[in-house]
Amino acid sequence: MHRIITSFLLLFIGLNVFSQRPAKPNSVEIYNQIQKLNFLGSVLYIAAHPDDENTRLISYLSNEKKARTGYLSLTRGDGGQNLIGPELRELLGVIRTQELIEARKIDGGEQFFSRANDFGFSKNPDETLQIWDKEQVMSDVIWAIRKFQPDVIINRFDHRSPGTTHGHHTASAMLSFDAFDRANDKTVFPNQLSLVTTWQPKRLFFNTSWWFYGSKEKFEKADKSNLSKLQTGVYYQSVGKSNQEIAALSRSCHQSQGFGNTGTRGEEDEYLEFLKGESTTDKTNLFEGIDTSWNRVNGGNAIGAILNAVEKNFDFKNPSASIPELVKAYELIQKLDNQHWKAVKTEEIKKIIAACSGLYLEAVAESQSVSTGNSIKVKLEAINRSSVPLTWKSIQSIPTFSSDFSAISLSNNSLKNQTIELVVPSTLDYSSPYWLKEKGTVGMYRVDEQQNIGIPDVLRQAKVVFEIEINGVTIPFERNIVYKYNDDVKGEVYQPLDVIPTVTSAITEKVFVYNSSKSQTVTVKIKAGKENVNGKIELEIPTNWSVSPKEIPFKLTKKDEEQLAVFSVSPSKEASEIVIKSKITVDNHVFDNEKIEINYPHIYKQIVLKPSEAKAFKVDIKIKNEKIAYIMGAGDEVPKSLKQMGYEVEIIKPEEISATRLLNFDVVMTGIRAYNTVSELAFKQSILLDFVKNGKTMIVQYNTLDDLVTPTIAPYSLKISRDRVTEENAEVRFLAPEHSILNYPNKITASDFNGWKQEQGLYYPNEWDKNFTVILSANDKGEKPKDGAILVAKYGKGNYIYTGLSFFRELPEGVIGAYRLMANMISIGK
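Keep in mind it's a predicted model, so treat the numbers as computed, not measured. (Residues numbered from 1 in each chain as written. Predicted model: local features only at pLDDT ≥ 70, side-chain atom pairs only at ≥ 80, totals over all residues. Heavy atoms only, no water.)

### Section: the overall build of the chain
At step 1: A tally of helices and strands in the chain yields 16 helices and 44 strands.
At step 2: A compact globule built from 830 residues should have a C-alpha radius of gyration of about 28 Å, and the chain, at 29 Å, falls within 12% of that.
At step 3: Principal-axis analysis of the C-alpha atoms places the extent of the chain at approximately 85 × 75 × 55 Å.
At step 4: Restricting to contacts in the chain with at least 6 residues of sequence separation, those with at least 24 account for 75%.
At step 5: A total of about 34500 Å² of accessible surface is found on the chain, and carbon and sulfur atoms cover 48% of it.
At step 6: Of the side chains in the chain, 100 bear a positive and 102 a negative charge, and the two mean positions are spaced by 2 Å. (Helix = DSSP H or I, 4+ residues; strand = E, 2+ residues; numbered from the N terminus. Rg over C-alpha atoms; globule rule 2.2 N^0.38 Å. Contact = heavy atoms within 4.5 Å. Areas by Shrake-Rupley, 256 points an atom, 1.4 Å probe, with all protein chains shown as cover. Lys, Arg positive; Asp, Glu negative; His and termini not counted. Charge placed at Lys NZ, Arg CZ, Asp CG, Glu CD.)

Structure, rendered in structure tokens:
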């Protein structure tokens, strides 16, 4: 076996499917790919968020019509809630990005994004476009159109109805409506034209439905004569699934949002309203007047003749019989002068040739991660499972490759392996989401490289190119370098190869609250990215705070080994707010990143590198010594914040709830959406209310109005609504200024609502029993007051509190006013 040593840099990321597990298509799937190869038409679906897309329509266009179908989600869903874990904001955006990528693998679409950051719920598009930076997002939409070159654009939302839905929704439609014409104007964002050409789509539609009419009954009665009607309830006999069943599987990828979906069968229609461009006379044909055959491109006639014959004569029992003609078509595609379709169809036909020949190519690293400046061995596997002779001509990497590799004949079903060693240069980017690399704004991510804008996934630069000769033609096949292992339960598990720093550190607590001059322990976890890492770690803090010791030496001998460094940090005399930064020095190089791992079974493992920081506050917060039982809901970090405040907190499982178990606690607090997600609460509610009745306190954080596990979440009637205050700086009015929640043990003032993040609160009750006392009132501009932020009721000897305030966001963000208000809620009745 030859030993090959090389260093690798960035390989061009083109039309690759962002997947780690190799595709192994069967004959039916290969045939569907050939049909798609013979269709030269495309549709771009545009909306605002992950889960906004109509998977039924995307699946229909991709699988029934064979159109190249893309989904442009302007945001990555960073501002939503998380039903499966504690990740919020940008970390949630990473999860939802991967969920969309997995969804597209199922419904056959392609995924794209803009740089817009989902900053939270917005009630009108004007606010949205102001926070987003309208011009930048418009640039990204036009870039997506010019790059994807859709014949048809479909908007999920109506651009003419601001204020009737999420501001992001309407803004996405408004931007798309304007971009339809501007994408073909060479004076608009001319800086893009060195990479793409101008483009004019043929027509623009709005994907209307009963939801936009207010009810199914109203929609059924509406005049639909001007709408295009697509019969999407088709049944794919070759795969044994209806279009709706495929769409449901795709929709169910949005696990963080709780969008598991059950597939249906039978007739179903989708309706499209024509907005712009060339109208159609055939209301069932989106591509009317568009040549979607190979005749569309110069030189395509001969290619079409070959590939139509391949489709007609395809042998399901012997797909390799198509290889000679496919290779001829591949050669002709390389001669096309239409660079767009040349690139698209080259990738498509390469996958088909590999599938027809049973050509399996894989590059597997010896470990799941590697740090820059180090080498890693990669095992290459190549096998031809057809009677067509293939030759493994060479291995390529970009920009350079040097070896004594000799061509290897790939005979039928004869496995060939090579091991290469790659030296990872320091210039290689870490495997962290590229859109998080630079600091952006509240509404925008910063991506400086134009060619990267819109790419859905992490830019994984570690690749190998196998050059395979087939019938005298050498075809390059790119493969991401991956890591795989065998799990005793799951079997073969694939993960991406991550390029990581030499060493990372994480401050174990993200917020430190000092309500006295007493010092606190700050613990930092150091983790090695390679073997034999020696250095020193220090905390960087302002001069009016103090830290001891100044630095701590460390030595890690094994990769992934961890060590704790413990510092003592004392606050300033005066009230202040600071950022504590962890910095490690190894061989005169400074490393200041924390490595966050996101690992859920429905997506590939992700790492996010962020500055290793924590917030610290010297502030006047008074607390009592209450013991708190915390019942987790959908997942949040509130218990950590409560412990940081000085409370004794214990997370108890729903099945543990009993009068005896709760006896030693002063407060029971439920996590966000607990009454949506914890079914056991339906049977434990009487115990919890008795806990209150006997003189204790219960605090219930927000729930949504859908799918409550019990209608009696409170001792008195209370109705949750969709009311929310999205303007985090909205004026807060005190409706019960003498109430203890606003006075004890901390005097709450208007300043305690300064600096709140993303929103004040959500899903406020809008109806409640007279036994509740209303504490606060606030509203977004131009709206009626929302009074359901905090509702307090005396029940028996104790107190019940329902709050829609976003403590789950504000406490981890270190919003001091939220801490002071929470302390008062916990101390009610004292």
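Next comes the rest of the write-up.
### Some thoughts on the sheet that holds strand 3 (residues 68-73)
At step 1: The strand order across the open sheet built from seven strands is 4-3-2-5-6-10-7, with neighbouring strands paired in mixed fashion. Each end of this open sheet is capped by a strand with a single partner; those strands are strand 4 (110-113) and strand 7 (227-231). Neighbour to neighbour, the strand axes of the sheet diverge by 30° on average, direction disregarded.
At step 2: Alignment of strand 3 against strand 4, held across four bridges, turns out to be parallel. When the bridges of strand 4 are listed, L72 appears paired with F112. (Pairing = 2+ DSSP bridges. Axes fitted to C-alpha atoms, helices over the stretch in contact; angles between N-to-C directions.)

### A look at the pairing of strand 3
At step 1: In terms of burial, strand 3 is largely enclosed, as six of its six residues are buried.
At step 2: Alternating residues of strand 3 divide into R68, G70 and L72 and T69, Y71 and S73, and every residue in both groups is buried.
At step 3: Bridge count for strand 2 (residues 42-47) against strand 3 is six bridges, and the pairing is parallel. Across the sheet, the residue bridging to Y45 is Y71, located in strand 3.
At step 4: Handedness of the strand 2-helix 2 (residues 55-64)-strand 3 crossover: right-handed.
At step 5: Chirality of the crossover, the property in question, places the unit of strand 3, helix 3 (residues 89-107) and strand 4 among those that are right-handed. (Buried < 20%, exposed > 50% of the residue type's maximum accessible area, 1.4 Å probe, protein only. Right-handed = clockwise from strand over helix to strand, strands pointing away.)

### Points about the pattern of salt bridges
At step 1: Under the criterion given, the structure shown has 47 salt bridges.
At step 2: Here R104 makes a salt bridge to E53, at a shortest N to O gap of 3.1 Å. Pair noted here: R104 is in helix 3 and E53 is in the loop between strand 2 and helix 2, with a separation of 51 residues, a long-range link. Each member of the pair R104 and E53 is classed as buried.
At step 3: The salt bridge involving R661 is made with E656; its shortest N-O contact spans 3.7 Å.
At step 4: Counted as one network, the salt bridges with shared partners bring together K123, D780, E783 and K786. (Salt bridge = Lys/Arg side-chain N within 4 Å of Asp/Glu carboxyl O.)

### What to know about the sheet that holds strand 22 (residues 503-507)
At step 1: Taken in spatial order, the four strands line up as 22-24-28-26 in an open sheet, and their pairing is antiparallel. The outermost strands of the open sheet, each flanked by one partner alone, are strand 22 and strand 26 (546-548). On average, each strand axis in the sheet is tilted by 30° relative to the strand beside it, whichever way the strands run.
At step 2: Pairing of strand 26 with strand 28 (residues 562-570), which is carried by three bridges, proceeds in the antiparallel orientation.

### A short note on the packing of helix 5 (residues 134-148) against helix 6 (residues 167-182)
At step 1: Relative to each other, helix 5 and helix 6 sit at 55°, their axes nearing to 9 Å. In terms of their interaxial angle, helix 5 and helix 6 are classed as oblique. Here helix 5 and helix 6 pass one another in a crossing that is right-handed. Touching K134, E135, V137, M138, V141, I142, I145 and R146 of helix 5 are L175, S176, D178, A179 and R182, all from helix 6. (Parallel < 35°, antiparallel > 145°, perpendicular 65-115°, else oblique. Left-handed = near helix turned anticlockwise from the far one by under 90°.)

### A few points about helix 9 (residues 300-312)
At step 1: In this model, helix 9 (13 residues) spans 18 Å end to end at C-alpha, consistent with the 18 Å of a helix rising 1.5 Å per residue.
At step 2: Taken residue by residue, helix 9 has G300, I303, G304, I306, L307 and V310 as its buried positions.
At step 3: Tucked into the core, helix 9 has its buried residues touching helix 1 (27-37), helix 10 (323-333) and helix 11 (339-356). (Expected span 1.5 Å × (residues − 1).)

### Observations regarding the packing of aromatic side chains
At step 1: Counted by the stated rule, this structure contains 25 aromatic pairs.
At step 2: The structure contains a cluster of three or more aromatic residues connected by ring pairs, namely F157, F206, W211 and F212.
At step 3: Of note, R76 hangs over the ring of F113, and the distance from its end group to the ring centre comes to 4.1 Å.
At step 4: Over the ring of Y271 we find K224; its NZ or CZ atom is 5.9 Å from the centre of that ring. (Phe/Tyr/Trp six-rings, centres within 6.5 Å; stacked < 30°, edge-to-face > 60°. Lys NZ or Arg CZ within 6 Å of the ring centre and 35° of its normal.)

### Some details on the confidence of the model for the chain
At step 1: In the predicted model, the chain carries a mean pLDDT of 94, and the fraction of residues at 70 or more is 97%.
At step 2: With pLDDT under 50 throughout, residues 1-18 is counted as low confidence; its partners more than four residues away or in other chains account for 76 contacts. (pLDDT = per-residue confidence, 0-100.)

### A look at unusual backbone geometry
At step 1: Of the consecutive residues S548 and P549, the connecting peptide bond is found in the cis state with omega at -10°.
At step 2: Summarising the element assignment, P549 is placed in the loop between strand 26 and strand 27 (552-556).
At step 3: The peptide bond linking Y744 to P745 adopts the cis configuration, its omega dihedral lying at -5°.
At step 4: Mapped onto the fold, P745 is located in the loop between strand 39 (732-734) and strand 40 (761-768).
At step 5: The backbone phi angle of F189 is positive, close to 45°, even though this residue is not glycine.
At step 6: Looking at F189, the relative accessible area reads 14%, which means it is buried.
At step 7: Phi is positive for Q758, which is not a glycine, with a value near 70°.
At step 8: Structurally, Q758 can be placed in the loop between strand 39 and strand 40.
At step 9: Taking relative accessible area as the criterion, Q758 reaches 10% and is therefore assigned buried.

### Quick word on the pairing of strand 17 (residues 463-470)
At step 1: Extensive coverage of strand 17 is indicated by the burial of six of its eight residues.
At step 2: Judged from the six bridges that link them, strand 14 (residues 390-396) and strand 17 form a sheet pairing that is antiparallel. Paired with Q396 across the bridge in strand 17 is V465.
At step 3: Bridge count between strand 17 and strand 18 (residues 473-480): eight bridges; the pairing is antiparallel. Counterpart to I470 in the pairing with strand 18 is V473.
At step 4: Linkage of strand 17 to strand 18, two consecutive antiparallel strands, is achieved through a turn of two residues, within which N471 is found at a positive phi near 50°.

### Structural notes on the packing of helix 1 against helix 9
At step 1: Interaxial distance between helix 1 and helix 9 falls to 10 Å at its minimum, and their mutual angle equals 150°. Judged on the interaxial angle alone, helix 9 and helix 1 are roughly antiparallel. The element helix 1 and its partner helix 9 pack so that their crossing is left-handed. Packed against helix 1, whose contacting residues are Y31, I34, Q35 and L37, the element helix 9 presents L307, V310 and E311 at the interface.

### Details of the nonpolar core
One recurring pattern in soluble globular proteins is that nonpolar side chains are buried together.
At step 1: In terms of nonpolar packing, the biggest core is built from 79 residues, with L642, I741, I790 and Y800 touching the most fellow members.
At step 2: No other element matches helix 16 (residues 816-826), which puts eight residues into this core.
At step 3: Not counting chain neighbours up to four residues away, the residues in contact with I741 comprise I748, I775, I790, V792, I801, L821, N824, M825 and I828.
At step 4: Of all hydrophobic cores here, the second largest spans 57 residues; its members include I30, I323, I349 and L390. (Core = buried A, V, L, I, M, F, W, Y, C linked by side-chain atoms within 4.5 Å.)

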